[in-house]
Amino acid sequence: VGKSIRKESSVYGWTFDKDEVAFDWEKAISNVQTHIKSINFGYKSALMKEGVKYINAKGTIQRKGVVKARFADGSERELKADHILLAVGG
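Please read all numbers here as calculations on a predicted model, not as lab measurements. (Residues numbered from 1 in each chain as written. Predicted model: local features only at pLDDT ≥ 70, side-chain atom pairs only at ≥ 80, totals over all residues. Heavy atoms only, no water.)

1. Points about the packing of aromatic side chains
Turning to step 1, where the next piece is worked out: Evaluation of the coordinates by the stated rule reveals 2 aromatic pairs.
Turning to step 2, where the next piece is worked out: Pairing F23 with W25 gives two aromatic rings, centres 4.9 Å apart and planes at 90°, and the pair type is edge-to-face.
Turning to step 3, where the next piece is worked out: Relative accessible area serves as the criterion here: at 32%, F23 is assigned to the partly exposed category.
Turning to step 4, where the next piece is worked out: When its relative accessible area of 60% is taken as the criterion, W25 is described as exposed.
Turning to step 5, where the next piece is worked out: By the ring-pair criterion, three or more aromatic residues cluster together here, those being W14, F23 and W25. (Phe/Tyr/Trp six-rings, centres within 6.5 Å; stacked < 30°, edge-to-face > 60°. Buried < 20%, exposed > 50% of the residue type's maximum accessible area, 1.4 Å probe, protein only.)

See the structure below:
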């Protein structure tokens, strides 16, 4: 079990020497962000396969069936639909 823990924990920034334990924040952050990006890509691909229109923007619900989308370039657009899925995340 110890060997497995040492091997798996290294992905998250932990290193173990004889009597010393160290943690690398940058490695941990980088690896976690890479993992999250791969999960997000899987979700996006699955939605698009089902014909869901993917819009990468920050949204504000205006009223029933209407969302104001703000894009990375600062532009905004009002989106209307019978069904709206807001996926929140980091």
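2. Points about the sheet that holds strand β4 (residues 66-70)
Turning to step 1, where the next piece is worked out: Reading across from one edge, β3-β4-β5 is the order of the 3 strands in this open sheet, with antiparallel pairing throughout. With one partner strand each, in any of the chains shown, β3 (58-63) and β5 (76-80) form the two edges of the open sheet. Pairs of neighbouring strands in the sheet enclose a mean axial angle of 25°, with direction left out of account.
Turning to step 2, where the next piece is worked out: Judged from the 5 bridges that link them, β3 and β4 form a sheet pairing that is antiparallel. Paired with K58 across the strands is R70, a residue of β4. (Pairing = 2+ DSSP bridges. Helix = DSSP H or I, 4+ residues; strand = E, 2+ residues; numbered from the N terminus. Axes fitted to C-alpha atoms, helices over the stretch in contact; angles between N-to-C directions.)

By themselves, these are just geometric observations and shouldn't be taken as functional.
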